[in-house]
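# Coordinate analysis (summary)
Here is how the chains run, residue by residue.
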Amino acid sequence: MTESLPPLTVLLAGPRGFCAGVDRAIQIVEQALRKFGAPVYVRHEIVHNRFVVESLEAQGAVFVKELDQVPDDRPVIFSAHGVPKAIPAEAERRQMIYLDATCPLVSKVHLEAERHHEAGLHILLIGHKGHPEVIGTMGQLPPGSVTLVEDLAQAERVAVPDPAKIAYITQTTLSVDDTKDIVVALEARFPALQGPRKGDICYATTNRQEAVKAIAEQSEALLVIGAPNSSNSRRLVEVAERSGCPRAGLIQRASEIDWAAFADIHTLGLSAGASAPEVLVDEVIAAARQHRSVTIREIRVTEETVTFKLPKALAG
C-alpha cells in the first residue's frame, strides 16, 4: 500500500507535548505511589489525557470526582488544573495526607487574584466556563468576587460594580490571539483596568501555538494529538485553521485516523497538546509509515528549559 500512494512529509511542530507543569503533576503521582504504596487517590484527571490517566491507574492510582470518595487514611492528590480553596480546607479538616499538583503557573494566577481582591478590585477572569482551571481560580475568592468573560461579545457587554476598581486575569491555556482581542476590548471600556505584570497564558501554551502557526501554512492537513476536554489542545486546532491550514483536527490516538481520507495529502502537520506524551506522536508516525513512505521534518520555534520542583513532601 505504501507504494501505491505518493510519499508523505510529516511536519512536526516543536515544541509539542508535555509541558513542565504536566510533567511535574505526573511525577507527583508516581512518586506518591512509591512513597505511600497503592492506592493513591487523585481528585479529577491529573491532566487531560486518557492515555496518561490509564497508565497511572495501572500503577495503582485511583481517580475520583470528589473528596468524599477518598478514605481518610489514604493520600489524595489534587490535579494540575488547581482546586478551589474549600478542597484542601476539607482535606485538612479530615486530617488527610494531600499533595497539590497544581501547576505553579496556575498558582501564580491564584495569587494575582488574591492580590487584586485584597486591593479592593473586582476581577474579570477570561476563560472557559466549567473548565477545572476556571473553577479552581474562581474558588480562591468569595462568591461574587470574580466575573467570567468567555469571549469578545461578553467583553463588550460585561457589567462591573465599579469601573474604577477592576482587574483581569486569564486561564493559562487560552488562544493568545483571542485573549489579546478580549483584553483590548476590556481596556477600551475600562481605562482603569489592571492586568498581570506578565501575561497569564503560560509559556507552553504560547510556544505550542507559535509552533503550529509555523507549520500550518505549509500543511495540507494538520492533526493535534490531545483530549477533547483539553483546552490547550483544542486551541491548537483553532490556531491551525486560522493560520491557513485547510484541514485541522483533534485526535486522541493513531487508531482514530482515517488514512484513506488523507490519501491525497502530501504534507501533514503534526503537534500534540501539553498533556499528550511523545509516545503518542511516535504512534501516529508509525501508523503513517504503514500506509505511506514518510519523511519527517521537525520545525522548532524555540527550546524549552523550564522545570518545576516537586512538593517538599516528595523531594529527595
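Reference entry: report on the structure contained in this document.

Thresholds applied
Per chain, residues are indexed from 1 in the order of the written sequence. Since the coordinates come from a predicted model, pLDDT governs what is reported: local features require at least 70, and pairs of side-chain atoms require 80 or more to be given and counted, while whole-chain, interface and lining totals use all residues. The basis for every side-chain value is the complete set of non-hydrogen atoms in the structure, without hydrogens or water. Axis definition: a line fit to C-alpha positions, over the contact stretch in the case of helices; interaxial angles, taken between N-to-C directions, run 0 to 180 degrees. Numbering of helices and strands runs from the N terminus; a helix is a DSSP stretch of H or I covering at least four residues, while a strand is a stretch of E covering at least two. Each angle is binned into one of four classes, with values under 35 degrees roughly parallel, values over 145 roughly antiparallel, values of 65 to 115 roughly perpendicular, and all other values oblique. In what follows, a contact means two residues having at least one pair of non-hydrogen atoms within 4.5 Å. The nonpolar class holds Ala, Val, Leu, Ile, Met, Phe, Trp, Tyr, Cys and Pro. Asp, Glu, Lys and Arg form the charged class, and all remaining residues, Gly among them, are polar. Exposure classes here rest on a 1.4 Å probe applied to the protein chains alone. A residue is buried below 20% of its type maximum, exposed above 50%, and partly exposed in between. Two strands qualify as a pair provided DSSP detects at least 2 bridges between them. Place the viewer so that the strands point away; then a crossover is right-handed whenever the path from the first strand over the helix to the second strand goes clockwise. Helix crossings are classified by the rotation of the near helix relative to the far one: an anticlockwise turn of less than a right angle makes the crossing left-handed, while a clockwise turn makes it right-handed.

A word on the packing of helix 1 (residues 20-36) against helix 2 (residues 50-59). Between helix 1 and helix 2, the shortest axis-to-axis distance is 10 Å and the interhelical angle comes to 10°. The angle between helix 1 and helix 2 falls in the class roughly parallel. Contact residues: I26, V29, E30 and L33 in helix 1; V52, L56 and Q59 in helix 2. In terms of residue class, the contact of helix 1 with helix 2 is built from five nonpolar, one polar and one charged.

Glancing now at the environment of K213. Along the polypeptide, K213 turns up in helix 8 (residues 203-216). For K213, a relative accessible area of 26% puts it in the partly exposed group. Filtering out sequence-adjacent residues up to four positions away, K213 remains in contact with D177, V239 and S243.

As paired elements, strand 2 (residues 40-43) and strand 3 (residues 61-64) share four bridges and run parallel to each other. For R43, the partnering residue across the bridge sits in strand 3 and is V64. With respect to chirality, the unit in which strand 2 leads through helix 2 into the neighbouring parallel strand 3 is right-handed.

All right, on to the packing of helix 8 against helix 9 (residues 231-242) then. The N-to-C vectors of helix 8 and helix 9 enclose an angle of 30°; their axes lie 9 Å apart at closest approach. The orientation of helix 8 relative to helix 9 falls into the category roughly parallel. Here helix 8 runs over helix 9; the crossing is right-handed. Where helix 8 abuts helix 9, its residues T205, R208, Q209, V212, K213 and A216 lie against N232, R235, L236, V239 and A240. Looking at side-chain class alone, the contact of helix 8 with helix 9 contains five nonpolar, three polar and three charged residues.

In short, the description is geometric, and any link to function would need to be established separately.
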